[in-house]
Amino acid sequence: MDYENKILQKYNLCNRCYGRIYAKLMRMGNKDRGTSIKTVIAMNFEKKLKELFEEKNMIIESSTQTPLSETDEEKIKKIEEEIYEIQKNLTILRKTGLNGIKNEYIIEELLKDEIEEQKNEKNKDEDKKESKDDVENVDNTPLTPEQKCPWCKDVFNPENLEEISNKIVEALSEYEFDKFLIGTRLPKRMKELEKDLEVNFNESNMESLRNEFGRELGKILTNKLKKPVDKETPDIVVMVNPYNQKIYLQINPIFIKGRYKKTKRGIPQSHWDCRSCRGRGCEKCNFTGKQYPTSVEEIIAEPVMNIAKGSGEALHAAGREDIDVKMLGKGRPFVIEIKEPKIRKMDLDKITEEVNNSEGVEISNLEYGVKNDVRFFKNEPHTKTYCALVSIVEEKIENYNFEEESINELPEKLENLRIDQRTPHRVSHRRADLVRVRNVYKAWCEPIDNKLFKLTVYCDGGLYIKELISGDEGRTKPSISEILGVPCYCKLLTVMDVHDENNPANY
Ligand SMILES: [Zn+2]
Ligand SMILES: [Zn+2]
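Remember, predicted model here, so these are calculated numbers, not experimental data.

**Comments concerning the overall build of the protein chain**
In terms of helices and strands, the protein chain carries 15 helices and 13 strands. A compact globule built from 507 residues would reach a C-alpha radius of gyration of about 23 Å, whereas the protein chain, at 39 Å, exceeds it by more than 25%. By principal-axis analysis of the C-alpha atoms, the protein chain measures approximately 140 × 50 × 40 Å. Counting over 507 residues, the protein chain shows a buried share of 46%. Nonlocal contacts in the protein chain, meaning residues at least 24 apart in sequence, comprise 72% of its contacts between residues at least 6 apart. Summed over all atoms, the accessible surface of the protein chain reaches about 28,300 Å², with 46% contributed by carbon and sulfur. Positive and negative side-chain charges of the protein chain, numbering 85 and 93 respectively, have mean locations separated by a distance of 3 Å.

Set out below in structure tokens:
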């Protein structure tokens, strides 16, 4: 504890700020705590002061000599110095808001000088406009200890809190939300002040002004907004600078998850910029800036964005299928993130209906998700079932006949087969070149004619099926071309299902 008043000698902290330094001790308001500590310190000083006065009188009374001997003079001088120091400290305590100290213990000079100085400071701005002699316009009310306090600068003043909270209520009025959080931004010099208190005065029990301000403003706002503060998952975080009343809103995104099917080929999963103009708009793309007229992402996002009025969206899915690949079965899990939505509560059945009226994309199992779903969908390994039409590459291999050759043995050879797959040639420009290990668990074959057969595989997600068939010039090993001993390619591909715990594979 600051019994020597070292902190207050450096920073003239008001009662509340002084109490905040010891916020982790005793359950009470910072202001009460600060007043109490200052009181104890003042009481110690007063006690010491009384002793010094008595000591001084004793020396004078018991002295036989007039004038006093040199030793006694020396003693008294020392005592008076000590008295002055204590009175200086008591003056600081009075100046920073502690009432009850006897006037005779205060050094009026120190109190006055300070007030004058502060007044000049306060009226500096007015001085610029008015003549210095224009006394009437000078604010003569003395500054309060809070106004003088270098830490809070009176930001806890009910007027300031009221103004800030009204500003926030207005800023929030165009957003729908259930719970919010106040975040306080401190100017750099305040952070430095707090750091100095913590490090140089070794005060590990202090609370940041950021905390208390957020708490006090939160109380007022919960009342005004009739909505609770939520530290874990607030819909909106209101960032406030208490000193200049600047407000910044962080509108947290909403997440809606479900599964999508793509019943039509030719639709990419996400928006692609036109290759010719890179999205600026040109003749080739009919000035849309798009390489393809629509995408799974756009089809799902449109009705959601129309209602939510967000600033943007992002579709996160458990893997992706190529543009020419259908996605069937129960569908691929996805979560759509709507950034900075104005509306958060939507009729998900109606959105499902709207999406399902589109051509090519169907969604189901729509429900609200959380931020963690994004990571989950991206990282959780899924298994998948694919169906591919496999064809022989060389038409001239006339004598080759799938129906007679090793095709019947293919399922057995593929079962529980480890595949080493180097990043396919066709995606190597946008993916890191590395070798992935994926497994085929089960396969089924069905001949269609002597150059074509249907292949169904159940395998790890992330296995590139087109390359599993072609071999990708040796980048995928082993491959179906390699096993059959004849170059094959994937003519048509469909994702039959994406499996997860809600949609397990029963093979
Ligand atoms: Zn203060
Ligand atoms: Zn274009």
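**Brief notes about the coordination of the zinc ion (ligand 1)**
Taken together, the protein ligands of the zinc ion (ligand 1) are Cys14 (SG), Cys17 (SG), Cys149 (SG) and Cys152 (SG), with distances of 2.2 to 2.3 Å. Each of the four donor atoms around the zinc ion (ligand 1) contributes to a set of angles spanning 104 to 116 degrees, which defines the coordination as tetrahedral. Counting gaps between the donor residues of the zinc ion (ligand 1) yields the pattern C-x2-C-x131-C-x2-C. With Cys17 in helix α2 (residues 15-20) and Cys149 in the loop between α6 (145-148) and α7 (158-172), this pair connects stretches of sequence that are 132 residues apart. With respect to burial, Cys17 and Cys149 carry one shared label: buried.

**Overview of the coordination of the zinc ion (ligand 2)**
Angles at a metal have ideal values that depend on geometry: 109.5 degrees with four tetrahedral donors, 90 or 180 degrees with six octahedral donors. Protein-derived ligands of the zinc ion (ligand 2) are Cys274 (SG), Cys277 (SG), Cys282 (SG) and Cys285 (SG), with the metal-ligand distances lying across 2.3 Å. Mapping the donors of the zinc ion (ligand 2) onto the primary sequence yields the spacing C-x2-C-x4-C-x2-C. Here Cys277 matches Cys282 in class, with each residue buried.

**Examining the pattern of salt bridges**
For the structure shown, the criterion picks out 31 salt bridges. Between Glu80 and Lys56 there is a salt bridge; the shortest N-O distance is 2.9 Å. Pair noted here: Glu80 is in helix α4 (residues 70-95) and Lys56 is in helix α3 (residues 30-62), with a separation of 24 residues, a long-range link. Between Glu362 and Lys261 there is a salt bridge whose closest N-O contact spans 3.8 Å. Of this pair, Glu362 sits in strand β7 (residues 361-369) while Lys261 sits in strand β4 (residues 254-262), and the two are 101 residues apart along the sequence.

**Brief notes about the side chain of Arg344**
Position of Arg344 relative to the elements: it lies in the loop between β6 (326-339) and α11 (348-356). Given the relative accessible area of 8%, Arg344 is considered buried. Only 2.7 Å separates the side chain of Arg344 from the backbone oxygen of Asn252, close enough to count as a polar contact. Non-local contacts of Arg344, meaning those with residues more than four positions away in its chain, are made with Glu176, Phe177, Asp235, Ile251, Asn252, Pro253, Ile254 and Tyr368.

**Concerning the domain arrangement of the protein chain**
Frequently, the measure chosen for interface size is the accessible area removed from exposure when the parts meet. Its domain assignment divides the protein chain into domain 1 (6-111), domain 2 (158-251), domain 3 (254-379) and domain 4 (383-499). On a C-alpha basis, the centroid separation for the pair domain 3 and domain 4 is 29 Å. Each partner contributes to the interface: domain 3 provides 16 residues, whereas domain 4 provides ten residues. Summing both partners gives a buried area of about 1,000 Å² for domain 3 against domain 4, and 47% of it is carried by carbon and sulfur. The largest contributions to the domain 3 side of the interface with domain 4 come from Arg265, Asp322 and Val325, which together make up 36% of the buried area. Across the pair Lys466 and Asp324 runs a salt bridge whose closest N-O atoms are separated by 3.0 Å. Across the domain 3-domain 4 interface, the total number found is eleven residue pairs in polar contact (both at pLDDT 80 or more). Considering every element that reaches the side of domain 3 that touches domain 4, the biggest residue donor is β6, with eight residues.

Cut-off values and rules
Residues numbered from 1 in each chain as written. Chains lettered and ligands numbered in written order. Predicted model: local features only at pLDDT ≥ 70, side-chain atom pairs only at ≥ 80, totals over all residues. Heavy atoms only, no water. Helix = DSSP H or I, 4+ residues; strand = E, 2+ residues; numbered from the N terminus. Rg over C-alpha atoms; globule rule 2.2 N^0.38 Å. Buried < 20%, exposed > 50% of the residue type's maximum accessible area, 1.4 Å probe, protein only. Contact = heavy atoms within 4.5 Å. Areas by Shrake-Rupley, 256 points an atom, 1.4 Å probe, with all protein chains shown as cover. Lys, Arg positive; Asp, Glu negative; His and termini not counted. Charge placed at Lys NZ, Arg CZ, Asp CG, Glu CD. Donors = N, O, S within 2.8 Å, 3.2 Å for Na, K, Ca; no water. Tetrahedral: all angles 85-135°; square planar, octahedral: opposite > 155°, others 65-115°. Salt bridge = Lys/Arg side-chain N within 4 Å of Asp/Glu carboxyl O. Polar contact = N/O pair within 3.5 Å; in protein donor to acceptor, adjacent residues only side chain to side chain. Domains from an automatic or database assignment. Buried area = accessible area lost by both parts, 1.4 Å probe.

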